[in-house]
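Survey of secondary and tertiary structure
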Amino acid sequence: MAPEESAEAERLLPSFERRFLAARTLRSFPWQSLEEKLRDSSGPELLLNILQKTVKHPLCVKHPPSVKYARCFLSELIRKHEAVHTEPLDELYEALAEVLMAEEPTQCHRSYLLPSGDSVTLSESTAIISHGTTGLVTWDAALYLAEWAIENPAAFAHRSVLELGSGAGLTGLAICKTCCPSTYVFSDCHSCVLEQLRGNILLNGLSLEPDTTAPERHPGHNAHDAESPRVTVAQLDWDVVTAPELAAFRPDVIIATDVLYCPETVISLVRVLQRLSACLKDQQAPNAYIAFTVRSPETCWLFTSELGQAGIPWEAVPHHNQKLFPYEEHSDMAILKLML
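Residues numbered from 1 in each chain as written. Predicted model: local features only at pLDDT ≥ 70, side-chain atom pairs only at ≥ 80, totals over all residues. Heavy atoms only, no water.

1. Observations regarding the packing of aromatic side chains
The condition that has to hold: Two aromatic rings from Phe, Tyr or Trp, using only the six-membered ring of Trp, form a pair when their centres are within 6.5 Å; if the ring planes differ by under 30 degrees the pair is stacked, by over 60 it is edge-to-face, and anything between is tilted. Where helices and strands are cited, they refer to DSSP runs of H or I of at least four residues and of E of at least two residues respectively, numbered from the N terminus. Per-residue accessibility, obtained with a 1.4 Å probe over protein chains only, is compared with the maximum for each type, and a residue is labelled buried under 20%, exposed over 50%, and partly exposed between these values.
Considering all chains together, one arrives at 13 aromatic pairs under this definition. Measuring from centroid to centroid gives 4.7 Å for Phe 20 and Phe 73, while their planes differ by 55°, and the two rings are tilted. Taken together, the residues Phe 20 in helix H1 (residues 3-21) and Phe 73 in helix H5 (residues 67-84) connect sequence positions 53 residues apart. Residue Phe 73 is classed as buried on the basis of its relative accessible area, which comes to 0%. Aromatic pair Tyr 112 and Phe 325: ring centres 5.9 Å apart, planes at 85°, arrangement edge-to-face. Of the two residues, Tyr 112 is situated in strand E1 (residues 107-113) and Phe 325 in the loop between strand E8 (314-316) and strand E9 (333-339); the sequence distance between them amounts to 213 residues. Residue Tyr 112 shares its accessibility class with Phe 325, and that shared class is buried. Taken together through their ring pairs, the aromatic side chains of Phe 16, Phe 20, Phe 29, Trp 31, Tyr 69 and Phe 73 make up a single cluster.

Here's what the structure looks like:
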């Protein structure tokens, strides 16, 4: 294989790796580029390397994706091989046989590689909607804000962060691992989401303090080990939480991702932010970063309109390149910075 062809083959490996670890849709993989490379005499070697970066990846061996997903991926890999090579590749069939013998659990795992060499691994529901909530899976806006945070760690370093509607926990775990916050409060209202969230925090090697409505803010807390933020999980219902309860969190930064999916949640979110703004007037005004997928222009207009009526100024954060994580195709996302 010529050096330029070898370099192109090497570029395929991280693309397959990132997409498989995150269990992205099979159509998003660079299959056409793979087909072109498989016609080369070193095609079988490339397939074995892809196998090691995906199904046989140490993260996947320890925390496997759904059985159905692995089966479909391997079947497609075998089809690509058989289309250009007559000799079967035993390793592919052996891997498929192992997957076919496995049972499909109700939970699967997705992993996301970080620039530091670390990773975030999440246990998620295999269904988009489960137990009456969409909070048991990771949505693209969580990836989008996580990538922005990794590129802008100073916004979170040595600061107390409150996340509203944490879901599976991707954004918060990425921030805890890369941005050195002093305190991080994950929150949600659904009991199943909170249970899964606690598990994901522990799965990623973070210590979890006792559940609480609001963590105590210790004097001199910013001197806490920057690599080990104080992490808590709070059950927070936006419709019933009181101003004193919100004030007890005393956040420096507030974030939320993909919570603007219907008018009711938009209005509830703005009311919570308004209460936070009112009860934190005795401290430096916190910034809030709200990331969302633009599914409906009307919902986005409602959010900015409600912010205006609440007297909360905002500005759009410039788009970033979306190079770190594998996003779904055609996702239009945005981040608004609110000045509370």
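2. Section: the pairing of strand E5 (residues 230-235)
Note the cut-off: Between any two strands, pairing holds if DSSP finds at least two bridges.
When you tally the buried positions in E5, you get 5 out of 6 residues, the bulk of the element. Bridge count for strand E4 (residues 183-188) against E5 is 6 bridges, and the pairing is parallel. Directly across from Ser 187, in E5, lies its bridge partner Ala 234.

3. Let's talk about the nonpolar core
The tendency in soluble globular proteins is for nonpolar side chains to be buried as a group. The cut-off we apply is this: Working definition of a nonpolar core: buried Ala, Val, Leu, Ile, Met, Phe, Trp, Tyr and Cys residues. They are joined through side-chain atoms within 4.5 Å.
Core analysis: the biggest nonpolar cluster contains 42 residues, and Phe 156, Phe 186, Tyr 289 and Phe 325 have the highest contact counts within it. A per-element tally of this core places helix H7 (residues 140-151) first, with 9 residues. Counting residues in hydrophobic clusters, the runner-up holds 35 residues, among them Leu 273, Cys 279, Leu 302 and Ile 312.

4. Some points on the pattern of salt bridges
Using the following cut-off: Every case where a carboxyl oxygen of Asp or Glu lies within 4 Å of a side-chain nitrogen of Lys or Arg is listed as a salt bridge.
Scanning the entire structure with this criterion turns up 11 salt bridges. The shortest N-O distance in the salt bridge between Lys 177 and Asp 118 comes to 3.5 Å. Taken together, the positions of Lys 177 in helix H8 (residues 170-178) and Asp 118 in the loop between E1 and strand E2 (119-125) put the pair 59 residues apart, joining distant regions of the chain. Looking at Lys 177, the relative accessible area reads 22%, which means it is partly exposed. Using a relative accessible area of 34% as the deciding quantity, one classes Asp 118 as partly exposed. Because the salt bridges share partners, they merge into one network encompassing Glu 35, Glu 76, Arg 79 and Lys 80.

5. Details of the pairing of E9
With respect to burial, E9 is a largely interior element, 5 of its 7 residues being buried. In this sheet, E9 lies alongside E8 in antiparallel orientation, the contact comprising 3 bridges. Each residue of the ladder has a partner; that of Glu 315, found in E9, is Lys 337.

6. Observations regarding the packing of helix H3 (residues 43-53) against H5
Keep this limit in mind: Note on geometry: axes are C-alpha line fits, over the in-contact stretch for helices, and angles between N-to-C directions span 0 to 180 degrees. Relative orientations are named as follows: roughly parallel for angles under 35 degrees, roughly antiparallel for angles over 145 degrees, roughly perpendicular for angles from 65 to 115 degrees, and oblique for any other angle. By definition, residues are in contact when any of their heavy atoms lie within 4.5 Å. Only Asp, Glu, Lys and Arg are considered charged in this grouping, and only Ala, Val, Leu, Ile, Met, Phe, Trp, Tyr, Cys and Pro are considered nonpolar; every other residue, Gly among them, is considered polar.
Put simply, H3 and H5 touch, their axes get as near as 11 Å, and they point 175° apart. Classified by the angle their axes make, H3 and H5 are roughly antiparallel. Listed contacts from H5 to Leu 47, Ile 50 and Leu 51 of H3 are Phe 73, Leu 74, Leu 77 and His 81. Looking at side-chain class alone, the contact of H3 with H5 contains 6 nonpolar, 1 polar and no charged residues.

7. What about the sheet that holds strand E6 (residues 253-257)?
What the 7 strands build is an open sheet, ordered E5-E4-E3-E6-E7-E9-E8; its pairing is mixed. Each having just a single partner strand, E5 and E8 make up the two edges of the open sheet. Strand-to-strand, the axes of this sheet are offset by a mean angle of 20°, without reference to chain direction. Strand contacts of H8: strand E3 (160-164), E4, E5 and E6, with the helix running at about 175° to E4, the strand carrying the most contacts. Those strands touched by helix H9 (residues 191-203) are E4 and E5, and its axis lies near 170° from that of E5.

8. Brief notes about the confidence of the model for the chain
Operational definition: Every residue gets a pLDDT, meaning the predictor's confidence in that residue, from 0 to 100.
Chain-level pLDDT for the chain is 87 on average; 89% of the residues reach the 70-or-more range. Overall, residues 129-135 carries pLDDT values under 50, and its contacts beyond four positions in sequence, including any with other chains, amount to 15 contacts. Below pLDDT 50 for its whole length, residues 217-226 participates in 15 contacts with residues either more than four positions away or in separate chains.

9. Quick word on H9
Selection rule: By definition here, a helix of n residues has an expected span of 1.5 Å times n minus one. Here the arc refers to the set of directions running from the helix axis out to each C-beta atom.
The end-to-end C-alpha distance of H9, which contains 13 residues, comes to 18 Å, matching closely the 18 Å that a straight helix rising 1.5 Å per residue would cover. Taken together, the buried positions of H9 are occupied by Val 193, Leu 194, Gln 196, Leu 197, Asn 200 and Ile 201. Along H9, the residues classed as buried sweep out an arc of 165° about the axis, all on the same side. Of the exposed residues in H9, the ones pointing more than 90 degrees away from its buried face are Glu 195 and Leu 202. Here the buried face of H9 lies against E1, E2, H8, E4 and E5. Among the residues trailing H9, Gly 205 stands out with phi positive, at a value near 80°.

10. Things to note about the packing of H7 against H8
For clarity, the threshold we go by: Throughout, a crossing is termed right-handed when the near helix is turned clockwise from the far one, and left-handed when it is turned anticlockwise from it by less than a right angle.
In contact at an axis separation of 8 Å, H7 and H8 are set at 15° when each is read in the N-to-C sense. In this view, H7 runs roughly parallel relative to H8, as classed from their interaxial angle. Along this stretch, H7 crosses H8, giving a crossing that reads as right-handed. Here Ala 142, Leu 143, Leu 145, Ala 146, Ala 149 and Ile 150 of H7 lie close against H8, whose contacting residues are Leu 170, Thr 171, Ala 174, Ile 175 and Thr 178.

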